[in-house]
Structures are given as structure tokens and as C-alpha cells.
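# Fold and contact review
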Amino acid sequence: MNFENSLSFAQQLDSADPLKSYRDQFHIPQVNGKDSYYFTGNSLGLQPKTARSFIEEELKGWETLGVEGHFASNRRPWAEYHKFSKEAISRIVGAKPLEVVSMNNLTVNLHLLMVSFFKPTSTRYKIICEAGAFPSDQYMFETQLKFHNLNPDKALIELKPRAGEHTLRTEDILSKIEETGDELALVLIGGVQYYTGQFFDLKSITEAGHKAGAKVGFDLAHAFGNVPLALHDWGVDFATWCSYKYLNSGPGNVSGIYIHERFANDDSLDRFAGWWGHNESERFLMEKGFKPMAGADGWQLSNVNVIATAAHLASLEIFDKVGISALREKSLKLTGYMEFLINQLSGDDQVFEIITPSNPEERGCQLSIFCHKNGKALFDALTKEGVIADWREPNVIRVAPVPLYNTFEDVFHFARILRENLQNA
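Structure report, in brief. As the structure is a computational prediction, the values presented were derived from the model and not from experiment.

## Here we look at the overall build of the protein
What the protein contains, in helices and strands, is 13 helices and 15 strands. Radius of gyration (C-alpha) of the protein: 22 Å, near the 22 Å computed for a compact globule of 425 residues. For the C-alpha atoms alone, the extent of the protein along its principal axes is close to 70 × 60 × 35 Å. Looking at the protein as a whole, 56% of its 425 residues qualify as buried. Put simply, 70% of the contacts in the protein that link residues at least 6 apart link residues at least 24 apart. When the accessible surface of the protein is split by element, carbon and sulfur atoms take 50% of a total near 18,500 Å². Taking the average place of the 42 positive charges on the side chains of the protein and the average place of its 54 negative ones, the gap between the two points comes to 2 Å.

## Comments concerning the pattern of salt bridges
Going through the model one piece at a time under the given rule, you end up with 28 salt bridges. The residue Lys330 makes a salt bridge to Asp17 at a minimum N-O spacing of 2.7 Å. You can see Lys330 sitting in helix α11 (residues 324-346) and its partner Asp17 sitting in the loop between α1 (7-15) and β1 (30-31), a full 313 residues away along the chain. Overall, the relative accessible area of 6% leaves Lys330 in the buried class. Here the salt bridges do not stand alone but share partners, grouping Glu57, Glu58, Arg75 and Arg76 into one network.

## Here's the deal with helix α8 (residues 202-211)
Count 3.6 residues to each turn of an α-helix, and residues three or four apart come out pointing the same way. Among all positions in α8, only Leu202, Ile205, Thr206, Ala208 and Gly209 are buried. Seen end-on, α8 carries its buried residues on one side only, within an arc spanning 165°. Taken together, the buried residues of α8 touch α7 (170-180), β7 (184-190), β8 (215-219) and α9 (231-234).

## Describing the layout of surface pockets
Taken as a whole, the largest pocket encloses approximately 350 Å³ of empty space. Secondary-structure elements contributing two or more residues to the lining of the largest pocket are α8 and β11 (352-354). When grouped by side-chain class, the residues that make up the lining of the largest pocket number 8 nonpolar, 6 polar and 7 charged.

## Describing the nonpolar core
Membership of the largest hydrophobic core comes to 96 residues, with the highest contact counts inside it found for Val93, Ile177, Ile205, Leu220 and Leu404. Top contributing element to this core by residue count: helix α10 (residues 306-322), with 9 residues. Of all hydrophobic cores here, the second largest spans 32 residues; its members include Leu382, Val399, Val411 and Ile417.

## Some words on the packing of α7 against α8
One can describe the packing of α7 onto α8 by two numbers: an axis separation of 9 Å at closest approach and a directional angle of 10°. One way to sum up the angle between α7 and α8 is to call them roughly parallel. Contacts between α7 and α8 involve Ile173, Leu174 and Ile177 from the former and Ser204, Ile205, Ala208 and Gly209 from the latter. Within the contact of α7 with α8, the residues separate by chemical class into 5 nonpolar, 2 polar and no charged.

## Here's the deal with the packing of aromatic side chains
Within the structure shown, the criterion is met by 20 aromatic pairs. The interplanar angle of 65° and the centroid separation of 5.5 Å between the aromatic rings of Phe39 and Phe414 together place this pair among those described as edge-to-face. With Phe39 in the loop between β3 (37-38) and α2 (51-65) and Phe414 in helix α13 (residues 408-424), the pair connects residues that are 375 residues apart, well separated along the chain. Of the two residues, Phe39 and Phe414, both sit in the buried class. Centre to centre, the rings of Phe71 and Phe284 are 6.2 Å apart; their planes meet at 65°, and the pair counts as edge-to-face. A residue pair is termed long-range when its members are at least 10 positions apart, and Phe71 in the loop between α2 and α3 (86-93) and Phe284 in the loop between β10 (255-259) and α10 qualify at 213 residues. By relative accessible area, which is 55% here, Phe71 ends up exposed. On the basis of relative accessibility, which here comes to 46%, the residue Phe284 falls in the partly exposed class. Ring pairing ties together the aromatic residues Phe3, Phe9, Tyr337, Phe340 and Phe408, which thus form one cluster.

## Quick look at the environment of Glu165
Checked against the element boundaries, Glu165 lands in the loop between β6 (156-159) and α7. Glu165 gets classed as partly exposed once you look at its relative accessible area, which sits at 29%. Put simply, Glu165 and Gly386 are 221 residues apart on the chain and 32 Å apart in space, counted from C-alpha to C-alpha.

The rules behind these values
- Residues numbered from 1 in each chain as written.
- Predicted model: local features only at pLDDT ≥ 70, side-chain atom pairs only at ≥ 80, totals over all residues.
- Heavy atoms only, no water.
- Helix = DSSP H or I, 4+ residues; strand = E, 2+ residues; numbered from the N terminus.
- Rg over C-alpha atoms; globule rule 2.2 N^0.38 Å.
- Buried < 20%, exposed > 50% of the residue type's maximum accessible area, 1.4 Å probe, protein only.
- Contact = heavy atoms within 4.5 Å.
- Areas by Shrake-Rupley, 256 points an atom, 1.4 Å probe, with all protein chains shown as cover.
- Lys, Arg positive; Asp, Glu negative; His and termini not counted.
- Charge placed at Lys NZ, Arg CZ, Asp CG, Glu CD.
- Salt bridge = Lys/Arg side-chain N within 4 Å of Asp/Glu carboxyl O.
- Arc of directions from axis to C-beta.
- 1 Å grid on protein atoms, 1.4 Å probe; cavity = no way out; pocket = protein on both sides within 12 Å on 5 of 7 lines; lining within 4 Å.
- Points joined across faces, edges and corners; volume = space filled by probe spheres on them.
- Nonpolar A, V, L, I, M, F, W, Y, C, P; charged D, E, K, R; others polar.
- Core = buried A, V, L, I, M, F, W, Y, C linked by side-chain atoms within 4.5 Å.
- Axes fitted to C-alpha atoms, helices over the stretch in contact; angles between N-to-C directions.
- Parallel < 35°, antiparallel > 145°, perpendicular 65-115°, else oblique.
- Phe/Tyr/Trp six-rings, centres within 6.5 Å; stacked < 30°, edge-to-face > 60°.

See below:
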């Protein structure tokens, strides 16, 4: 598409947008008495207007039914609450309902999955991840390796971009997997890198990891609801994510896991068990001897946080109506338009450098703007003018034009405000 730097062009794109009505289904935060330009859906998604009614329905059930709400037949019974999100989640990540379940929070799930899928031996004990992973991953790796009496400095291989580059080359990832070979126990990286916004080639990484004899998993915190995924077809062993970013389920809300169906009935896998993962037909017998449910459900620990998960269901309902394919189509246009405007503004002086890959297939809707000077001052000026973006040390402004609620006009005004404040800097 040939983009133009004009308000009328942005408005034309919005007029032709088949998803334009979905913006009205979200609460847009106000700044200076008007809608903000909200570009931090990669950190916390906006509240669906239906979230309140979903939550109030469960509050009413608690009020009128008490404990009987667990089994009430005229509503969503709480004892089965984890089942109501399975179909929608499976479509978002490209899996079977058997392979997914909402539960816990992301870092908790990372640790639980490591119990099952990181089984180091004296010779096969190394983990490959990306350098500069989000702290959830970094601290998890450090403490898991120490728990196994391994030295993180020796057992953890952190892949860094080549000198002078900001992102990892797929060929370098695959080469390191092959080179590590029989020493490699696990490949676990972020599906989309939180700092640069790079969307890794998960299919090729999975194939290479399996060829080396390792397990392969992904932290999909920045990929879930952002980019198209096909976890089952790619043969990924396991994955986890959070739902409060692109999925708009509310601050700190429920995570989820994916476990490939080849492990669905593998009771030999070590796991930390909980009563909600036990065979549901025998759950209330309260007897010794853990018998896991089939699939991802067998990794559950506790019963569902119903009030919080109600908001999760509200967002999933919207995602199911739109579909990830339609979201991806708009995302490519929105992000492409923002890239065009930023590059035009940066000009020959290269005041800004977009460190997110220029290839649309290697990114989601986030662009990470590397500021060569006055970055924090510029970010603060943007904030004062109603732009809600995201600052990451030492010099990056992260912006994410989210297809569910951001518009092309939002993107145009972001670039306009950026230009005006750059001129005054």
C-alpha cells in the first residue's frame, strides 16, 4: 500500500476499516479532557465495556446462590469455569481445546512447566534463550538452574544479536541449537521479544530444537492475541502467556498454558499437582493418589478465580467474533503506516531508528523506536499531550497500534505530536 502523510488519508483508511466499530467496545482513557492516543496495549490492554456486566453476573451469582453457584445449571457454573475459555483460546494459539487451559499467572506457569519439561542430566542440561529476555524469564531461569545445582553462567546460553544489529537472525538461532547438540535440554524463548518487538520463527526453532533432542517451549506474553500462531501444527511442546496485554483481560489477570496433545495422557511426566488437575469425576472423593485429567487440564492447581476470569471471558468473546486473521490484517496496515510516518520524520538525519524488524512477518503491532538523543524528554513531552506510550531504558519508546481499538488517525496524530515536539526539542 502507498501511504500518505495526511489527516485526510488516515481518515480514509479508518472509513474503509471493517473493524472500526470495535473501538466503541472499549473504554479509552481520557487525558486533558479528551480521548488519549493509547499505544500501550502491549503492556496493558484497554477495558472492554462488557467486562463490567460479565463480572457483575458472577457477583450476582455469589449474592443469590452462594456456594450453589459452583453447580447452578442456569448459568456458567463455577466448577466448570476453566472450560468456558478453551475454544476461544485454542483458536488464538492454533491448538486443540484439550491442549489449553487458563490458570495462574505467567511466572507461576513457567516454573510449573519447567518441572515437567526441563529434565537436566549430567550431559544434557543446557537451556537456550534470547539475551535480554523479560525479567520473568530471566529470574525463572536463574532460580530453576540453581535449584538443579547448575551454574546459570554455564548452563544458560543467551543469544545476542550480531555486532551493530538489534535483533536476532533466525539462522544464528538455528546454528546455536545445532552447535549445542547433545548438551541441549531445552529451548525456551519469548514468541515476540518484549524490547525489540521481534516475532521469532517459532516453527523453525521448534524443528531445530527437536532435531537436537531437546524440548521446545515459548513465553507468548507479547505474542498471544497479537500474531498468528499454530502451536499444535508446529509441534511446540509447551507454552504459556498472560492475558492482560493484547487480550485486554485486566491488570494482572489470568495466564494460560498450552501442552501438546502427545503429552495429554502421559502420567510419567513430573509435575507439581493440585486438586483441580485431578480427575474431575473423583475430585470430591478427597482420596490420596493424584490422577491427572487429560491434556493441559491436568496441570491445574487450584479452582478458578471466577471474578477475575469473568473479565477474561468478556475479552475472549470479542476476539472470537473478530478472529485473529482479521486482526492481523489490520495490524499489518496500522503498523506499516506508523513505520512509514516515523521513517519519514526521521529523515536522512536518522533521529530515530526503528529497531523492530522491517519485515512485517517478523513483528507484531509493536514498534520500538530507538532515540539517538533526548529520548526521555521527548517521551515526557508526548505524555503531556495525551500520548500513552511506553519507555524502556536506556533509550527506547515502545508504541503498539492495536487493531481492536487504535485507528489510523491515532497513528497520524502520534506522528504529528512527535514531529512538533522534536522541532521544539
